[in-house]
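# Analysis of the macromolecular model
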Amino acid sequence: NANSMWGGRFAAGPDAIMEAINASIGFDRRLAAQDIEGSRAHAAMLASTGIIEPSDAEAIREGLLTVLSEIETGTFQFSTALEDIHMNVEARLKDLIGEPAGRLHTGRSRNDQVALDFRMWVRDQCDAAIVGIEALQKALLVQAEAGADWVMPGFTHLQTAQPVTWGHHMMAYVEMLGRDASRFADARARMNESPLGAAALAGTSFPIDREMTATALGFDRPAANSLDAVADRDFALEFLSASTICAMHLSRFAEELVIWSSAQFRFVTMSDRFSTGSSIMPQKKNPDAAELVRAKIGRIMGATVGLFTVMKGLPLTYSKDMQEDKEQVFDAADSLMLALAAMEGMVGDITANVDPLRAAAASGFSTATDLADWLVREAGLPFRDAHHVTGRLVALAEAEGCDLPDLTLDQMKSAHGAITSSVFDVLGVDNSVASRTSYGGTAPDQVRAQIKRWKERLA
Ligand code: ARG
């Protein structure tokens, strides 16, 4: 049987394989709410411009609400033969209200319809991502406030570099996530133009009111070029790109949690709620949630690369290739939301092990820079010379098997005669972090200022 929506020129129905490769209803049913909202706005506009009768528009708008409730309650019968969500909804509307249903598609095409539905879905996901990011930021702020002066090692190359504070480290992620949220907000603002009314590609000869539908559907304005409106998916690519960057940040933090929770580091204890055991090794407590957050970027970036690859080289305007946009975005969005929620849960539950953090901060000659700075400040050495003198003291301590504060004053003097006992004041980790008072530095007062600024911003 030929298709009831577009089968006028067809004598035969599709091959089963054709139906299988062509149908998108298996996944685009997730656009049902957007599809119905868009159709209701379109029907209202068709009536207000006199293109269809108000009574028909009313029947359409009411019938669509019935369809929506059938979908929401799970009684709706989806049909693969009807290809996609757009035709499934319209066919059911026809069952429900009869002839007026056939007037809904006036001045519209599935090309602008799907561009509209998907844009509205992605727009909602931008909002949801921002909510998820801010929830994680708030969890990080709680950790940062608790540990604004807990000392821990800061690393470069994963080698001990200089002491920092727990709060400072948490706030680093708050900053990264803040940029992530702003990327979603930027993308949202840019995508907020309505494609509805572009019709198949060229616009329509019906006297439609695109401003009216744009406003009704929460858009800032109608998209200005009908070809562009149906042909581009850059809004989805921006969402995916922002998601990839955010997932990359989450992955780095997850990796740190995996390292920090190891027996070799013992910086943090992860809660039972976000850990799993081993079926063979009874002692094990594995950071599976952190590992999975670390991994989610794989599929999120995969979706990004996937959709770029689908879109590149497509001539204007719509091609069926573009139906391959949705599954990638759905999966990436689900993955990102889950990763954000898991991270928020983990961060809320983390116990920072203050003593191991402090012990690690004090080891590995972490205050060597403080010693070099002391030589500059108190003995007037050029920094390069101070660096060299300090390096010799590090080598000496390493040979002695001790840390810098354990060297005697005589040993210190052997490297440079100007060193006095006041040098020992700067070798402690608390003094070290307290001295880094430059803007954005790790001094607890600086960290508290960062926390205060973000608390106000997120309030
Ligand atoms: N299911 C299609 C998609 O997801 C809807 C648009 C179909 N348009 C068309 N001209 N065949 O892209």
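Residues numbered from 1 in each chain as written. Predicted model: local features only at pLDDT ≥ 70, side-chain atom pairs only at ≥ 80, totals over all residues. Heavy atoms only, no water.

This part takes up the site of the ligand. Every residue lining the ligand is accounted for by Ser24, Asp28, Asp84, His86, Arg110, Asn111, Val114, Tyr318, Lys320, Gln323 and Lys326. One nitrogen or oxygen atom from the side chain of lysine 326 is found 2.5 Å from an oxygen atom belonging to the ligand. If the ligand stood free it would expose 340 Å²; the protein chains cover 87% of that surface. A total of three residues in the shell around the ligand trace back to one element, the largest contributor, which is helix H6 (residues 110-146). (Near = heavy atom within 4 Å. Polar contact = N/O pair within 3.5 Å; in protein donor to acceptor, adjacent residues only side chain to side chain. Areas by Shrake-Rupley, 256 points an atom, 1.4 Å probe, with all protein chains shown as cover. Helix = DSSP H or I, 4+ residues; strand = E, 2+ residues; numbered from the N terminus.)

This part covers helix H11 (residues 288-311). For H11, with 24 residues, the first-to-last C-alpha span of 35 Å sits near the 34 Å given by 1.5 Å per residue. Its maximal kink placed at arginine 294, H11 deviates by approximately 30 degrees. Among the residues of H11, Ala289, Ala290, Val293, Lys296, Ile297, Ile300, Ala303, Thr304, Gly306, Leu307, Val310 and Met311 are the ones counted as buried. For H11, the elements touching its buried residues are helix H9 (226-231), helix H10 (234-260) and helix H12 (326-349). Within two residues after H11, glycine 313 carries a phi angle of roughly 80 degrees, on the positive side. (Expected span 1.5 Å × (residues − 1). Bend = angle between axes of the 7 residues up to and from the residue. Buried < 20%, exposed > 50% of the residue type's maximum accessible area, 1.4 Å probe, protein only. Contact = heavy atoms within 4.5 Å.)

When their charged atoms lie close together, side chains carrying opposite charge are able to pair. Scanning the model with the defined rule gives 26 salt bridges in all. The partner of arginine 110 in a salt bridge is glutamate 83, and the shortest N-O contact between them spans 3.1 Å. One end of the pair, arginine 110, is in helix H6; the other, glutamate 83, is in the loop between helix H4 (54-73) and helix H5 (85-97), and 27 residues separate them in sequence. Arginine 110 sits in the partly exposed class, given a relative accessible area of 23%. Where aspartate 325 meets arginine 233, a salt bridge forms, and the shortest distance between an N and an O atom there is 2.8 Å. Here aspartate 325, found in the loop between H11 and H12, pairs with arginine 233, found in the loop between H9 and H10; they are 92 residues apart in sequence, far enough to count as distant. Classification of aspartate 325 by relative accessible area gives buried; the value is 0%. Here the residues in one salt-bridge network are Glu83, Asp84, Arg110 and Lys320, joined through shared partners. (Salt bridge = Lys/Arg side-chain N within 4 Å of Asp/Glu carboxyl O.)

Moving on to the side chain of asparagine 286. Relative to the elements of secondary structure, asparagine 286 occurs in the loop between strand S5 (268-269) and H11. A distance of 3.3 Å separates polar atoms of two side chains, one belonging to asparagine 286 and the other to lysine 284. With residues near it in sequence (within four places) discarded, asparagine 286 still touches Phe274, Ser275, Thr276, Gly277 and Glu291.

Below, the discussion takes up the confidence of the model for the chain. Chain-level pLDDT for the chain is 96 on average; 100% of the residues reach the 70-or-more range. Of the two predicted TM-score estimates for the complex, the pTM is 0.94 and the ipTM is 0.97. (pLDDT = per-residue confidence, 0-100.)

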